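Architecture and fold: a report
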Amino acid sequence: MITRAKTLARAAELRGDFEAAGAVSVETPILQPARTLLDLYGEEIRARAYITSDALRGEQMLRPDFTVPVVQMHMAHGAEPARYTYSGEVFRRQEHDPDRANEFIQVGFEVFDRTDPAAADAEVFALLAEAVVHLNLRAATGDIGILMAAVKGLRTTAPRKAALLRHIWRPRRFRALLERYAGRVPLTAERRKLLAGELPLPDVPLVGKRSQSEIDRRIETLRQDAAAPPLSTGEVELLDALLSVRETTPFALERLRDIAVDLPSIARAVSGAEARAEALADRGVDVEDLSFETSFGRTSMEYYDGFVFGFFSATRPDLPAVASGGRYDALTSRLGDGGEIPAVGGVLRPGLMLELEALG
Ligand SMILES: N[C@@H](Cc1c[nH]c[nH+]1)C(=O)O
């Protein structure tokens, strides 16, 4: 039986390993200010946070992860470079699957270091890989930065790019927007009328949450968008090709380099992925066999903007990632009050590790 005591004991051991790898142990409060921090996680976690109110401090949430409070702490008074480790529970409401834990222990490792991002990515990945090596997990990797660079480089309007960037985290919505911007979805008769100003708004009180001026602004945005020229077929095809890259790392890099010839906006991000592959190989990771998927990580923490990875059980694909993490450079400036520093990290779930070990 996997007791909480055993999980905590394993967590302490793993945290000790991370200390031995150069990290300083830190603690963060369990209650976090929800108003200022919740937005940083994105929709998935927003829907799953336990929130309560406090007359003095405003809305508080049970921490859904450690990365955000650790970044906040580092940006407020951390010396750089820094490596931190922590362990403790995080809380996420579950609405559909009663078998998924709503409270579980994480042990993490975070690196704040501006010298060599590729090396820092490799350091985190290799350290976590080593901790789970006996479990024979399947590793998945990706790079949100490549996708972001591709969207930013599209020849289209700024509002369209902003919408696509926002919806990187909702693959279906992203796809639907792309279809619309490519002019592949015909306007409905109703929308055409609305845009032409032909739909007289019914003379009834507004009952929804939006005010009349918000509605007007929205219609104006839709109108401008409908007037913008469609995305070129070539660009949409390149984006499709990019999104479907899913190979072992050397082949994936080759595909990405090919795509970058026609989509030069991703060239820098692709070079970064190449440097990372070298750094991973230097750390003894079997890069030849390591899977790379451009679309990996699109349903996780919305603060990731570079390398992303996860380790999954092949025999228990129903389980969430046993280890996962990624790079979150922009988060440090959002919480940095003028400062910023490249950062990457990851977590282990000792409870899941014990569960898999018990299966033998
Ligand atoms: N905080 C992330 C994992 C992570 C740590 N550092 C970077 N990513 C999570 O809970 O999923």
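The preceding data block contains the structure.
The structure reproduced in this document is the subject of the present report.

What counts, and at which threshold
Residues numbered from 1 in each chain as written. Predicted model: local features only at pLDDT ≥ 70, side-chain atom pairs only at ≥ 80, totals over all residues. Heavy atoms only, no water. Near = heavy atom within 4 Å. Polar contact = N/O pair within 3.5 Å; in protein donor to acceptor, adjacent residues only side chain to side chain. Helix = DSSP H or I, 4+ residues; strand = E, 2+ residues; numbered from the N terminus. Nonpolar A, V, L, I, M, F, W, Y, C, P; charged D, E, K, R; others polar. Pairing = 2+ DSSP bridges. Contact = heavy atoms within 4.5 Å. Axes fitted to C-alpha atoms, helices over the stretch in contact; angles between N-to-C directions. Parallel < 35°, antiparallel > 145°, perpendicular 65-115°, else oblique. Left-handed = near helix turned anticlockwise from the far one by under 90°. Patch = residues over 30% accessible without salt bridge, like charges linked within 9 Å, V, L, I, M, F, W, Y side chains within 5 Å. Areas by Shrake-Rupley, 256 points an atom, 1.4 Å probe, with all protein chains shown as cover. Salt bridge = Lys/Arg side-chain N within 4 Å of Asp/Glu carboxyl O. Lys, Arg positive; Asp, Glu negative; His and termini not counted. Charge placed at Lys NZ, Arg CZ, Asp CG, Glu CD. 1 Å grid on protein atoms, 1.4 Å probe; cavity = no way out; pocket = protein on both sides within 12 Å on 5 of 7 lines; lining within 4 Å. Points joined across faces, edges and corners; volume = space filled by probe spheres on them. Buried < 20%, exposed > 50% of the residue type's maximum accessible area, 1.4 Å probe, protein only.

**Let's talk about the site of the ligand**
Neighbouring the ligand are 16 residues, the closest being Asp65, Thr67, Arg92, Gln106 and Tyr304. Within the side chain of Tyr303, one N or O atom sits 2.9 Å away from a nitrogen atom of the ligand. Separating a nitrogen atom of the ligand from a side-chain N or O atom of Tyr304 is a distance of 2.7 Å. Contributions of two or more residues to the shell around the ligand are made by β6 (103-112), β11 (323-327) and β12 (343-348). In terms of residue class, the shell around the ligand is built from six nonpolar, seven polar and three charged.

**So, the sheet that holds strand β5 (residues 82-91)**
Reading across from one edge, β1-β5-β6-β12-β11-β10-β7-β9-β8 is the order of the nine strands in this open sheet, with mixed pairing throughout. Of all the strands in the sheet, just β1 (24-25) and β8 (246-248) have a single pairing partner and so form its edges. By the bridge criterion, two bridges tie strand β7 (residues 138-143) to strand β9 (residues 291-293) in an arrangement that is parallel. By the bridge assignment, Thr141 is partnered in β9 with Phe292. Docked against the sheet, helix α1 (residues 4-20) engages β1, β5, β6 and β12, running at close to 5 degrees with respect to β6.

**Some points on the packing of helix α8 (residues 171-181) against helix α11 (residues 233-243)**
α11 packs onto α8 with a crossing angle of 160 degrees between their chain directions and a minimal axis gap of 11 Å. If you check the angle between α8 and α11, you find them roughly antiparallel. Between α8 and α11 lies a crossing whose hand is left-handed. For the pair α8 and α11, the contacting residues are Phe174, Arg175 and Leu178 in the first and Leu239, Asp240 and Leu243 in the second. For the contact of α8 with α11, the per-class residue count stands at four nonpolar, no polar and two charged.

**Observations concerning a positive patch on the surface**
Taken together, the side chains of Arg166, Arg173, Arg210 and Arg218 define a basic patch exposed on the protein surface. Position of Arg166 among the secondary structure elements: in helix α7 (residues 158-166).

**Brief notes about the layout of surface pockets**
When its volume is computed, the second largest pocket comes out at roughly 540 Å³. Around the second largest pocket, the lining is made up of 20 residues, and of these Gly145, Arg268, Ala269, Asp305 and Asp329 lie nearest the centre. Counting only elements with at least two residues in the lining of the second largest pocket, the list comes to α5 (117-131), α6 (144-152) and α13 (267-282). At five residues, the largest contribution of residues to the lining of the second largest pocket is made by α13. For the lining of the second largest pocket, a count of residues per class yields seven nonpolar, four polar and nine charged.

**Focus: the packing of α7 against α8**
Two elements in contact, α7 and α8, have axes whose closest approach is 9 Å; the angle formed by their N-to-C orientations is 160 degrees. It follows that α7 is roughly antiparallel to α8 by the angle criterion. The chirality of how α7 crosses α8 is left-handed. Taken together, the residues of α8 that come into contact with α7 (itself represented by Arg160, Ala163 and Leu164) are Phe174, Leu177, Leu178 and Tyr181. Residue composition of the contact of α7 with α8, grouped by class: six nonpolar, no polar and one charged.

**Side note on unusual backbone geometry**
Of the consecutive residues Glu80 and Pro81, the connecting peptide bond is found in the cis state with omega at -5 degrees. Looking at where Pro81 falls in the secondary structure, it is placed in the loop between α4 (67-77) and β5. Its identity is not glycine, yet Asn136 carries a phi of approximately 55 degrees, on the positive side. Checked against the element boundaries, Asn136 lands in the loop between α5 and β7. Here Asn136 falls in the exposed class, since its relative accessible area comes to 66%. The backbone of Asp337 shows a phi angle near 50 degrees, a positive value even though the residue is not glycine. On the basis of relative accessible area, Asp337 is assigned to the exposed category, the value being 80%.

**Some points on empty space enclosed by the protein**
For the coordinates displayed, the defined rule picks out one cavity of 30 Å³ or more. Together, Thr141, Thr249, Leu253, Ala273, Arg276, Ala277, Leu280, Leu290, Phe292 and Phe307 line the largest cavity. Among the secondary structure elements, those contributing two or more residues to the lining of the largest cavity are α12 (249-262) and α13. Grouping the amino acids of the lining of the largest cavity by side-chain chemistry returns seven nonpolar, two polar and one charged.

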